[in-house]
Amino acid sequence: MTERSLVEAINLALSRAMTEDESVLVLGEDVGVDGGVFRATAGLIDRFGAERVRDTPISEAVIAGVSVGLAAAGFRPVAEIQFMGFSLTVLDQLVNHASRLRNRTQGRLTCPMVLRAPYGGGIHALEHHSESFEALFTHIPGLRVVIPSSPRRAYGLLLAAIRDPDPVVFFEPKRLYRLAREEVADDGEALPLDQCVTLRNGSDLTVVTWGAMCHDTLMAAKTLEDEGIEAEVIDVATLRPLDFATILTSVEKTGRCLIVHEAVMTGGFGGEIAARLAEHALMSLLAPVKRVTAWDTVVPYPRHESHFIPSPARIAAAAREIMEFA
Amino acid sequence: MVPPTDSKANDAEQSIGNVQLDVHLRIRRIGYIDATGKVHGALPEFADTQELIRLYRAMVLTRVFDEKAIALQRTGRLGTYASSLGQEATPVGVAAAMRSDDVLLPSFREHGAQLWRGVSTEELLLFWGGDERGNDFKGPREDFPVSVPVASHAPHAVGVALAMRLRGEDRAAVCVFGDGATSKGDFYEAINLAGVWRLPVVFVATNNQWAISVPRSAQTAAETLAQKAIAAGVEGVLVDGNDVVSVRAAVETALAKARAGDGPTLIEAETYRLGDHTTADDASRYRDDAEVSAHWKSEPLSRLRQYLTDQGAWDHDDEEALLADCAAQMEVATEAYLAAGPWSPEAIFTHLYATLPADYRDQLAALKREMIND
């Protein structure tokens, strides 16, 4: 097996899906000859040709809208939006069409499309290139929202997303694109959607997170371990539909829950998880549910970015507070 | 500014100075049968008497459907309804130009096109009656349902056309929207991309002069809507949208071009919305009766009836028989619509995803409990 970075795993999954299924095609800005600004589609145009790997004009709304039409007409488009910050104009297509076409036509027309976009900060980029507003997309019934946190999960979850009969938005933690490598077998095995992944077992508290924050949370868990605190770390992986059962089972065991996300706090998806715990886990909780998130500010320019994104130290500190409560 | 130091730089300097560029701007306007029923030029090949009667019958059915739908809405038996009164020639002409395996992506005033293509009157009533089953067309299975958000379906047509091209099919997509839609980014992005990829798609802008209360003059400073295609490198055509022959001819030409691999066309069909925007609207708040009355003189049905009458192909008895036939058809459809079986509210969940995710089990169970308690 070969060790691959997360972005290489994305490339591998795209390649695999296009080889397996002729109806899969890739479209977006600079995805062709350039191979994507992060090289996620590198080499695909050489292997599969310009008909199936299509450079588009800089028109995000039409990239999404064309994908809806392609999907309804029997293809499986995988559209790339260059950065999540530029995906706001695709919300209209996702909210009003992609997520509704199946229900609107009672199953006659469907929308098996994937919309990929890198999200999150940590690469010292220009404004609008470091956003984490996945919660906007988790509010859309009929849609799946998937965020991988490692090369292997990126490969398996992207394959699953492409094979899924419904629309999926797939947000890739760009900070992890090249941060670490692991062995990724090109075995064509998809990972299950709609399921959390328990990254680390622990009995003292449950830390629920996703995407790039899995990395920082695991670092914090290591620190806590040295202090005698065993954190169970859950990677949500599919935010919508949520596998709340896994989270609930863990919290019933530990009695404590910390939710970590890179997005700002108010209206963030952590609020949904906390609300469900309030509904279903009240009698199991030994301490209030706590959230570690970015501050409720706009994403700052890179000079202050490290003070905005939650750090392992901030995560560990919040865990200690929970442990001190009870 | 540094002066040029060699002759090559000097040439470049001259070519980027103030020069006159001739941009080609020409819009073809198509019109065969005018408001008085007089023919201009030779009619297209398809327009024999039998076919003209078929087109006329379709327009009359569309108008009778409209009257019935409004009556049902006024008596609380249908939801908010968008009338196509006065602009029947455009959807009927569009649909008549299409092949059955082409794909129609309509806006919300294309009942005439949907009926022609085999969507049933009952399905249309179900849709306007607030029932998704009305979009599960038994006839044109690949046609899109009505797109409510203005212009948002124009990109879908590009995707459908791309799918056809990738499969090497001899088919095309036809997308219909209103004048207001041409002010939206979706429209520009769609025609731009369709132009770049030379896709088999025809865009029809039904210019009925009003976007709810906003007149065409306040929609854009452009002289025509058709010319908006030119900046995208796409041909723009203007057509008398109240002449069903002109509309069909223009769309047939555009479809032939699309099938030949010569790319998309934008057709502006000039018509007039004689009715309110919808049954929830009162157009007298913003538009003069005199303007509406004037436009009644150029509505699409009377001109074709006049022409057919002049040809000796239509008379009063034919008209009476047709109206009775359409009324009877609507009675049957209305009965079927009103008798459409009850539908379990659980259906809200049925087609949300291919398989209902586990996360929905509690909500579905809660709805079922509510239904038992009702």
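Residues numbered from 1 in each chain as written. Chains lettered and ligands numbered in written order. Predicted model: local features only at pLDDT ≥ 70, side-chain atom pairs only at ≥ 80, totals over all residues. Heavy atoms only, no water.

A. Representation of the overall build of chain A within the structure. Scanning chain A for helices and strands turns up twelve helices and 14 strands. The C-alpha atoms of chain A give a radius of gyration of 19 Å, which matches the 20 Å a tight globule of 326 residues would have. Each principal axis of the C-alpha atoms in chain A carries an extent, and together these give about 60 × 40 × 40 Å. Sorting the 326 residues of chain A into buried and exposed places 63% on the buried side. With an accessible surface of roughly 11,800 Å², chain A has 53% of that area assigned to carbon and sulfur atoms. Taken together, the 31 basic and 43 acidic charged side chains of chain A have centroids lying 2 Å from each other. (Helix = DSSP H or I, 4+ residues; strand = E, 2+ residues; numbered from the N terminus. Rg over C-alpha atoms; globule rule 2.2 N^0.38 Å. Buried < 20%, exposed > 50% of the residue type's maximum accessible area, 1.4 Å probe, protein only. Areas by Shrake-Rupley, 256 points an atom, 1.4 Å probe, with all protein chains shown as cover. Lys, Arg positive; Asp, Glu negative; His and termini not counted. Charge placed at Lys NZ, Arg CZ, Asp CG, Glu CD.)

B. Fine view of the overall build of chain B. A tally of helices and strands in chain B yields 14 helices and eight strands. On the principal axes, the C-alpha backbone points of chain B span a range of 90 × 65 × 45 Å. Looking at chain B residue by residue over its 374 residues, the buried ones come to 52%. Within chain B, counting contacts between residues at least 6 apart in sequence, those at least 24 apart form 74% of the total. For chain B, the computed accessible surface area is about 16,800 Å², with 51% contributed by carbon and sulfur atoms. When the 36 basic and 55 acidic side-chain charges of chain B are each reduced to a single mean position, those positions are 2 Å apart. (Contact = heavy atoms within 4.5 Å.)

C. Structural context of the domain arrangement of chain B. Here the domain parsing of chain B yields domain 1 (23-343) and domain 2 (344-374). A straight line from the C-alpha centre of domain 1 of chain B to that of domain 2 of chain B covers 38 Å. (Domains from an automatic or database assignment.)

D. Main features of the nonpolar core. In terms of nonpolar packing, the biggest core is built from 120 residues, with Leu94(A), Phe171(A), Val236(A), Ile247(A), Ile273(A), Phe177(B) and Phe203(B) touching the most fellow members. With nine residues, helix H1 (residues 6-20) of chain A is the single largest residue contributor to this core. Discounting residues that sit within four places of it in the chain, Val236(A) has contacts with Gln195(A), Cys196(A), Val208(A), Thr209(A), Trp210(A), Leu242(A), Ile247(A) and Ile273(A). Residues Phe46(B), Tyr81(B), Val237(B) and Ala258(B) belong to the second largest nonpolar core, which totals 68 residues. (Core = buried A, V, L, I, M, F, W, Y, C linked by side-chain atoms within 4.5 Å.)

E. Fine view of the interface of chain A and chain B. Residue-level contacts link 44 residues of chain A with 42 residues of chain B. In this assembly, chain A packs against chain B so that about 3,500 Å² is buried in total across both faces, 59% of it on carbon and sulfur atoms. When residues of chain A are sorted by the area they lose upon contact with chain B, Arg54(A), Gln106(A) and Arg108(A) head the list and together hold 20% of the total. Our enumeration of links across chain A and chain B arrives at two salt bridges. Put simply, Glu51(A) and Arg165(B) hold a salt bridge, and the shortest N to O gap is 4.0 Å. For the pair chain A and chain B, the interface holds 17 residue pairs in polar contact (both at pLDDT 80 or more). When residues of the side of chain A that touches chain B are traced back to their parent elements, those giving at least two are strand S3 (53-55), helix H3 (60-72), helix H4 (91-98), helix H5 (101-104) and helix H10 (269-280) of chain A. The leading source of residues in the side of chain A that touches chain B is H3(A), at nine residues. Among the residues forming the side of chain A that touches chain B, the class breakdown is 17 nonpolar, 14 polar and 13 charged. (Buried area = accessible area lost by both parts, 1.4 Å probe. Salt bridge = Lys/Arg side-chain N within 4 Å of Asp/Glu carboxyl O. Polar contact = N/O pair within 3.5 Å; in protein donor to acceptor, adjacent residues only side chain to side chain. Nonpolar A, V, L, I, M, F, W, Y, C, P; charged D, E, K, R; others polar.)

F. Spotlight on the domain arrangement of chain A. Residue and element names in this part refer to chain A. Per the domain assignment, the segments of chain A are domain 1 (2-184) and domain 2 (197-325). Here domain 1 and domain 2 have C-alpha centroids that lie 26 Å from each other. Both sides of the domain 1 and domain 2 interface together cover about 2,100 Å² of buried area, and 55% of this is carbon and sulfur. By the criterion of area lost to domain 2, the three top residues of domain 1 are Thr138, Ile147 and Arg175, representing 22% of everything that side buries. Across the contact surface, domain 1 and domain 2 share two salt bridges. With a shortest N-O distance of 3.0 Å, arginine 175 and aspartate 216 are connected by a salt bridge. Joining domain 1 to domain 2, the criterion identifies 14 residue pairs in polar contact (both at pLDDT 80 or more). The set of elements that each furnish at least two residues to the side of domain 1 that touches domain 2 consists of helix H6 (134-138), strand S6 (144-146) and helix H7 (151-163). Class assignment for the residues of the side of domain 1 that touches domain 2 results in 15 nonpolar, ten polar and six charged.

G. Main features of the packing of H3(A) against H4(A). Residue and element names in this part refer to chain A. Packing of H3 against H4 brings their axes to within 8 Å, and their N-to-C directions diverge by 25°. Judged by the angle between their axes, H3 and H4 are roughly parallel. Handedness of the H3/H4 crossing: right-handed. Each of Ala61, Ala64, Gly65 and Val68 in H3 lies in contact with H4, whose residues at this interface are Gln93, His97 and Ala98. In the contact of H3 with H4, the residues fall into four nonpolar, three polar and no charged. (Axes fitted to C-alpha atoms, helices over the stretch in contact; angles between N-to-C directions. Parallel < 35°, antiparallel > 145°, perpendicular 65-115°, else oblique. Left-handed = near helix turned anticlockwise from the far one by under 90°.)

H. Expanded view of the pattern of salt bridges. According to the stated counting rule, one finds 47 salt bridges over all chains in the structure shown. Glu270(B) is paired through a salt bridge with Arg29(B); the nearest N and O atoms lie 2.9 Å apart. Remark: Arg29(B) occurs in strand S1 (residues 28-30) and Glu270(B) occurs in strand S8 (residues 265-270); sequence separation between them is 241 residues. The structure contains a network of salt bridges with shared partners spanning Arg16(A), Glu20(A), Arg163(A) and Asp186(A).

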